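# Geometric and topological summary
Take a look at the letters that make up each chain.
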Amino acid sequence: MTALIPLAARVDATLLTPGALPAEIEALCAEACRLETAAVCVLPFHVARAAAATLGSRVRVAAALSFPFGAAPPAAKGAEAEAAARDGAHELDVVVNLAAVKAGHWEVVAAEIDAVREAAPGRLTKWILECAALTEDEIRRAVAVVAGAGGDFVKTSTGYGPGGATVATVRLLRSLAGSMGVKASGGIATRAQAIALVDAGADRIGTSRARAVVEGGTA
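Residues numbered from 1 in each chain as written. Predicted model: local features only at pLDDT ≥ 70, side-chain atom pairs only at ≥ 80, totals over all residues. Heavy atoms only, no water.

## Some points on the overall build of the protein
If you tally the helices and strands in the protein, you get nine helices and eight strands. Computed over its C-alpha atoms, the radius of gyration of the protein comes to 16 Å, within 12% of the 17 Å expected for a compact globule of 219 residues. Every one of the 219 residues in the protein was classed for burial, and the buried ones make up 50%. Looking at the protein as shown, the accessible area adds up to about 9300 Å², and 55% of this sits on carbon and sulfur atoms. When the 21 positive and 22 negative side-chain charges of the protein are each reduced to one mean point, those points stand 4 Å apart. (Helix = DSSP H or I, 4+ residues; strand = E, 2+ residues; numbered from the N terminus. Rg over C-alpha atoms; globule rule 2.2 N^0.38 Å. Buried < 20%, exposed > 50% of the residue type's maximum accessible area, 1.4 Å probe, protein only. Areas by Shrake-Rupley, 256 points an atom, 1.4 Å probe, with all protein chains shown as cover. Lys, Arg positive; Asp, Glu negative; His and termini not counted. Charge placed at Lys NZ, Arg CZ, Asp CG, Glu CD.)

Here it is, written out as structure tokens:
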């Protein structure tokens, strides 16, 4: 790994299964605090619990919004962002409207970014592109729209789409992102995978196997 930042400080420890129990969220947060990861990433229902469980630590709380399909209209995404911020989210991982991207309705993508940023000012926004479902031209256009609308990160995938993070996709996003960050997520289960993605240009690693990624071995 070429970067000097510790791997743990790049990891978003993630639990986004729809039936996750409160005790599982608390366990996720406890492990993230022990590992000193960058953040925990949870569904909006769990944000307040995660914020309480990480209080006093350096671990930030990220809320996954319009997850996993991104099909909500801009106003709904704004409302979800406002509620998550009120509950204690520091960061917002938002699924870009895939249908709008495929249809070429870039004004919808720009509008949803504007809506989220206005509803939750000061929160770091990461925009999930579901790259495995897009052509390279669509990825290039989507990154340009996110950058133009003031997004902070572009992200490879939800983990629920047709593919996850790859070195090639991260390299492409890094070449396009400029001053924005790049987050790799989807299918990252080992330390070696994570290091390869960081070397390709990922600033954050989203994984449901944070311990295995940070410490090696198995989750």
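## A few points about the sheet that holds strand E3 (residues 60-65)
Pairing is parallel around the closed barrel formed by eight strands, whose spatial order is E1-E2-E3-E4-E5-E6-E7-E8. The average undirected angle you get between the axes of adjacent strands in this sheet is 25°. (Pairing = 2+ DSSP bridges. Axes fitted to C-alpha atoms, helices over the stretch in contact; angles between N-to-C directions.)

## A few points about helix H7 (residues 167-177)
Since the α-helix packs 3.6 residues into each turn, any two residues three or four apart lie on the same face. Within the span of H7, buried status applies to Thr169, Val170, Leu172, Leu173 and Ala177. Buried residues of H7, viewed axially, fall in a sector of 160°; they line one side. When the buried face of H7 is taken as reference, the exposed residues oriented beyond 90 degrees from it are Ala168, Arg171 and Ser175. Of the surrounding secondary structure, the elements contacted by the buried residues of H7 are helix H6 (136-148), strand E6 (153-155), strand E7 (181-185) and helix H8 (191-200). (Arc of directions from axis to C-beta. Contact = heavy atoms within 4.5 Å.)

## Some thoughts on unusual backbone geometry
What is expected of a backbone is that most residues other than glycine have negative phi and most peptide bonds are trans. The residue after phenylalanine 67, namely proline 68, is reached through a cis peptide bond having omega 5°. Within the fold, proline 68 resides in the loop between E3 and helix H3 (74-87). Its identity is not glycine, yet glutamate 36 carries a phi of approximately 60°, on the positive side. Tracing the backbone shows glutamate 36 in the loop between helix H1 (22-35) and strand E2 (39-42).

## What about the layout of surface pockets?
Reported here for the largest pocket is a volume of approximately 440 Å³. Only strand E1 (11-15), H1, E7, strand E8 (204-207) and helix H9 (210-215) provide two or more residues apiece to the lining of the largest pocket. Grouping the constituent residues of the lining of the largest pocket by class yields eight nonpolar, 11 polar and six charged. (1 Å grid on protein atoms, 1.4 Å probe; cavity = no way out; pocket = protein on both sides within 12 Å on 5 of 7 lines; lining within 4 Å. Points joined across faces, edges and corners; volume = space filled by probe spheres on them. Nonpolar A, V, L, I, M, F, W, Y, C, P; charged D, E, K, R; others polar.)

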